[in-house]
Every structure is written in C-alpha cells, then in structure tokens.
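# Tertiary structure, described
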Amino acid sequence: MTFNVDKFNQGTVYDVRANLGNLKFLSLEKRPVFKDGQRTDEMEVTHAIVYSDKIGDNLQLKLAPEKTYEELPFMTEIQIIGAASPFIYNFPNAVGFGDNRQEITDFGFSLRVDGYERLGGMKQPPKEEKAG
C-alpha cells in the first residue's frame, strides 16, 4: 500500500487559531543551493519556523513558491493571512554510514499558508532608550 501525498494535500482546510492558538515566529529554515553538483554560498529559504502555544511545540509554515518569506524578530507574535492547510511532502534522506548507507524517501509535515504577518499587521516602532 502506498501513501499518495498529492491526494492528501488537496483541499484540506485548517482552522489555525482553534487548533494551534497563538503563533510566535522563531526563524527561517534555510538550505544550501547546489549548482552543477557543487555547493554555492547561496541559501534558499524552505520554511518559516513558528512556535504554537496551544500544542507547545514548533511547526513549519510553507508558502507557495512565488511567495517570499519575511524575517521577523525572534518570538514576534504572528497571524496567518488567508487559507491554511496541512501539507505533507516527501524528501530524499540517507540513513547509515559507509557500506550500510541507504537512500530512503522520508515524509515531512508543514502547514501550507497563503502568508503570515506580524500580529496586527503593523510594524512596531523601535523602542526609545531612557536617558538616566
């Protein structure tokens, strides 16, 4: 029996606020870019990592390929813009070392979203330091 990732990813709607509570931005997950089999100095953003206070754990937000990820300060409260749905994807993975090394297909989970923004949608002005 096989698991059809594409079929699972079709049309599932997810209520982020009810299921995950408040979300806080942690960081962007990046991976190196390879050209002609050689690693370059470029990095590609693959996900935004957020913390959910309701589940007490981190999860990944995946945007559509044409969208851009915004880097926010650590632990900034965010809100999801537009629709959200669970997203399962396969990626190649290697286990073992030397002669015992095996290439396998692994599954990852993220929450596919139309976008995210700082809670309230406004950038906060920098705090003024008190002279004292």
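The structure we're discussing is the one just above.
Residues numbered from 1 in each chain as written. Predicted model: local features only at pLDDT ≥ 70, side-chain atom pairs only at ≥ 80, totals over all residues. Heavy atoms only, no water.

### A closer look at the packing of aromatic side chains
Following the criterion strictly, the structure yields one aromatic pair and no others. Ring geometry for F25 versus Y116: centroids 6.1 Å apart, planes at 25 degrees, classification stacked. Here Y116 lies in strand 5 (residues 102–118) and F25 lies in strand 1 (residues 23–35), a separation of 91 residues in the sequence. Y116 carries the same exposure label as F25, and that label is buried. (Phe/Tyr/Trp six-rings, centres within 6.5 Å; stacked < 30°, edge-to-face > 60°. Helix = DSSP H or I, 4+ residues; strand = E, 2+ residues; numbered from the N terminus. Buried < 20%, exposed > 50% of the residue type's maximum accessible area, 1.4 Å probe, protein only.)

### Some words on the environment of L61
With respect to the helices, strands and loops of the structure, L61 is situated in strand 3 (residues 57–62). You can call L61 buried: its relative accessible area is 0%. Sequence separation between L61 and V113 is 52 residues, and the spatial gap between their C-alpha atoms is 6.5 Å. Residues contacting L61, with those up to four places away along its chain left out, are H47, A48, V50, Y69, I78, I80, L111, V113 and Y116. (Contact = heavy atoms within 4.5 Å.)

### Comments concerning the side chain of S110
Topologically, S110 is positioned in strand 5. Once residues lying within four places of it in the same chain are set aside, the contact partners of S110 are H47, Q60, K62, S85, P86, F87 and Y89.

### Focus: the nonpolar core
A general feature of soluble globular proteins is that nonpolar side chains tend to end up buried together. Formed by 18 residues in total, the largest nonpolar core has its most connected members in L61, I78, I80, L111 and Y116. Every element with two or more residues in this core is listed here: helix 2 (16–20), strand 1, strand 2 (38–52), strand 3, strand 4 (76–95) and strand 5. (Core = buried A, V, L, I, M, F, W, Y, C linked by side-chain atoms within 4.5 Å.)

### Notes on the environment of A64
Relative to the elements of secondary structure, A64 occurs in the loop between strand 3 and strand 4. Taking the C-alpha atoms as reference points, A64 and R112, 48 residues apart in sequence, are found 7.6 Å from one another.

### Remarks on the side chain of T76
Structurally, T76 is set in strand 4. Looking at T76, the relative accessible area reads 10%, which means it is buried. Setting aside anything within four residues of it in sequence, one finds T76 in contact with L23, K24, F25 and R118.

### Notes on the pattern of salt bridges
In the structure shown here, the tally under the stated rule is three salt bridges. Measuring nitrogen to oxygen at the nearest pair gives 3.1 Å for the salt bridge that ties E42 to K35. Taking relative accessible area as the criterion, E42 reaches 40% and is therefore assigned partly exposed. Salt-bridge contacts for E103 lead to R101; the nearest nitrogen and oxygen are separated by 3.0 Å. (Salt bridge = Lys/Arg side-chain N within 4 Å of Asp/Glu carboxyl O.)

### So, unusual backbone geometry
The backbone of D36 sits at a positive phi, close to 55 degrees, despite the residue not being glycine. Within the secondary structure, D36 sits in the loop between strand 1 and strand 2. Given the relative accessible area of 82%, D36 is considered exposed. Backbone geometry at M75 places phi at a positive 65 degrees, although glycine is not the residue there. Inspection of the secondary structure puts M75 in the loop between strand 3 and strand 4. The partly exposed category is assigned to M75, whose relative accessible area is 35%.

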